[in-house]
Amino acid sequence: MNIEAMFAKYNQAGNRVIYHILSKISSEDREKNRGSFYGSLSGLFLHIMGGTQFFLGMYREALKNNDAALKAFAPLDNLSVPEGALDDAQWKNLEQALDTIDAAYVNMAEAIGDADLKKLVKIDWYGGNPPELPLQFLMHQLVVHNTHHRGQISQILDSLKIDNDYSGIGLDCR
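From a predicted model like this one, the values you see are computed outputs, not experimental measurements.

Brief notes about the overall build of the chain
Helix and strand counts for the chain come out as seven helices and two strands. Along the chain direction, N to C, the helices and strands of the chain fall in the order α-α-α-α-α-α-β-β-α. For the chain, the C-alpha radius of gyration of 16 Å lies close to 16 Å, the compact-globule estimate for 174 residues. Each of the three principal axes of the chain carries a C-alpha extent, and together these read 45 × 40 × 30 Å.

In structure tokens form, the structure reads like this:
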């Protein structure tokens, strides 16, 4: 397994654990503004999902000649993820979208090789300087992004005295 696939599986495991912990608390507790940039626990979680979709969308053009990677992206084409405050039914339905996004990430990571990792991905950050970065760098940025926001969720859960064993997530990412 390449390291990118290992990190994608770590991300998938972390998201599943956090989703199931958040599923055990009330909608009111998930939606309460906790003072984070994204407000609520569900807002943070939706940002993780949206961030993953955003990064994968950027990778798609760089991997346009990798049929297996393109196949991995296909389930995202018609995927709709709710925004804003979620009621209990929307939260429950979010699990399927989460599974689709994380599976696309894992499948894409498993489909790439060393040559793909060197391909340049166009970005529009920092006023166009730099205009592109290597796929490998941006894949690591996705891991950092999601880990950062799961850590924020973990800190909020800790303050609420909700056990979340964040440090033990993903110990087995085979």
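Regarding the packing of aromatic side chains
Summed over the entire model, instances satisfying the criterion amount to eight aromatic pairs. When the centroid spacing of 6.5 Å and the interplanar angle of 25° are considered together, the rings of F54 and W125 count as stacked. Taken as a pair, F54 in helix α3 (residues 41-62) and W125 in the loop between β1 (120-122) and β2 (132-134) lie far apart in primary sequence, 71 residues in all. Judged by relative accessible area, which is 42%, F54 ranks as partly exposed. Since its relative accessible area comes to 22%, W125 is described here as partly exposed. Aromatic rings pair up to connect F54, F55, Y59 and W125 into one cluster.

Digging into α3
Across its 22 residues, α3 extends 33 Å between first and last C-alpha, which sits within 8% of the 32 Å expected from 1.5 Å per residue. Within α3, 16 of the 22 residues are buried, leaving the element largely enclosed by the surrounding structure.

What to know about a nonpolar patch on the surface
Nonpolar side chains collect at one region of the surface, where M1, I3 and M6 lie side by side and expose about 300 Å² of accessible area between them. Along the polypeptide, I3 turns up in helix α1 (residues 3-23).

Here we look at α1
Taking 1.5 Å per residue as the helical rise, α1 with its 21 residues ought to reach 30 Å, and the 30 Å between its terminal C-alpha atoms agrees with that figure. Turning to α1, the residues buried within the fold contact α2 (27-31), α3, α5 (88-111), α6 (114-117) and α7 (135-159). At the N-terminal end of α1, a side-chain oxygen is found 3.1 Å from the backbone nitrogen of E4, two or three residues along, and the residue is N2.

Side note on the packing of α1 against α3
Closest axis-to-axis distance for the α1/α3 pair is 11 Å, and the angle between their directions is 155°. Of the possible angle classes, the one that applies to α1 and α3 is roughly antiparallel. Of the two elements, α1 crosses α3, and the hand of that crossing is left-handed. Of α3, the residues touching α1 (which contributes N15, I18, Y19 and L22) are L41, F45 and I48. Residue composition of the contact of α1 with α3, grouped by class: six nonpolar, one polar and no charged.

Digging into the pattern of salt bridges
Evaluation of the coordinates by the stated rule reveals six salt bridges. Across the salt bridge formed by E110 and K9, the nearest N and O atoms sit 3.1 Å from each other. In this pair, E110 sits in helix α5 while K9 sits in helix α1, placing the two residues 101 residues apart along the sequence. D77 is the partner of R60 in a salt bridge, and the nearest nitrogen-oxygen pair spans 2.9 Å. Separated by 17 residues along the polypeptide, R60 in helix α3 and D77 in the loop between α4 (67-73) and α5 bring together distant segments of the chain. The class for D77 is partly exposed, based on a relative accessible area of 46%.

As for the nonpolar core
If you look at soluble globular proteins, the nonpolar side chains tend to sit buried side by side. Core analysis: the largest hydrophobic core is formed by 50 residues, its most contacted members being L22, F45, Y59, L94, M108, M139 and I153. At the level of elements, α1, α3, α4, α5 and α7 are the ones that each hand at least two residues to this core. Looking at which element gives the most residues to this core, the answer is α3, with eleven residues. Other than its neighbours up to four places away in sequence, Y59 contacts F73, M108, V121, L135, L138, M139 and L142.

About the criteria used
- Counting of residues starts from 1 at the beginning of each chain's written sequence and follows it residue by residue.
- The model is predicted, so local features are restricted to residues of pLDDT at least 70 and side-chain atom pairs to those at 80 or more, both for listing and for counting; the totals for chains, interfaces and linings are taken over all residues.
- Based on all heavy atoms of the structure, the side-chain values leave hydrogens and waters out of the count.
- What counts as a helix is a DSSP run of H or I of at least four residues, what counts as a strand is a run of E of at least two, and both are numbered from the N terminus.
- Only C-alpha atoms enter the radius of gyration; for comparison, a globular chain is expected to reach 2.2 Å times N to the power 0.38, where N is the number of residues.
- Think of it this way: a Phe, Tyr or Trp ring, Trp meaning its six-membered ring, pairs with another when their centres are within 6.5 Å, and the plane angle makes it stacked under 30 degrees, edge-to-face over 60, tilted otherwise.
- Think of it in three bands: residues with accessible area under 20% of the maximum for their type are buried, residues over 50% are exposed, and the middle band is partly exposed, with areas taken using a 1.4 Å probe on protein chains only.
- Each residue after the first adds 1.5 Å to the expected span of a helix.
- The patches reported here contain residues having more than 30% relative accessible area and no salt bridge. Joining distances are 9 Å for like charges and 5 Å for nonpolar side chains (Val, Leu, Ile, Met, Phe, Trp, Tyr).
- Each accessible area is a Shrake-Rupley estimate made with a 1.4 Å probe; only the visible protein chains count as cover when residues are assessed.
- One side-chain nitrogen of Lys or Arg within 4 Å of one carboxyl oxygen of Asp or Glu is enough to make a salt bridge.
- In this description, contact between two residues means that some pair of their heavy atoms is separated by no more than 4.5 Å.
- Under the rule applied, a polar contact is a pair of N or O atoms within 3.5 Å (in protein, one hydrogen donor and one hydrogen acceptor; residues adjacent in sequence only if both atoms are side-chain atoms).
- For helices, the fitted line uses only the C-alpha atoms of the stretch in contact; every axis is such a line through C-alpha atoms, and the angle between N-to-C directions lies from 0 to 180 degrees.
- Each angle gets one of four labels, with under 35 degrees taken as roughly parallel, over 145 as roughly antiparallel, 65 to 115 as roughly perpendicular, and the rest as oblique.
- Each crossing gets its handedness from the near helix: less than a right angle anticlockwise from the far helix is left-handed, clockwise is right-handed.
- Just so you know the grouping, Ala, Val, Leu, Ile, Met, Phe, Trp, Tyr, Cys and Pro go in nonpolar, Asp, Glu, Lys and Arg go in charged, and all remaining residues, Gly too, go in polar.
- Here, the term nonpolar core denotes a set of buried Ala, Val, Leu, Ile, Met, Phe, Trp, Tyr and Cys residues that are joined through side-chain atoms within 4.5 Å.

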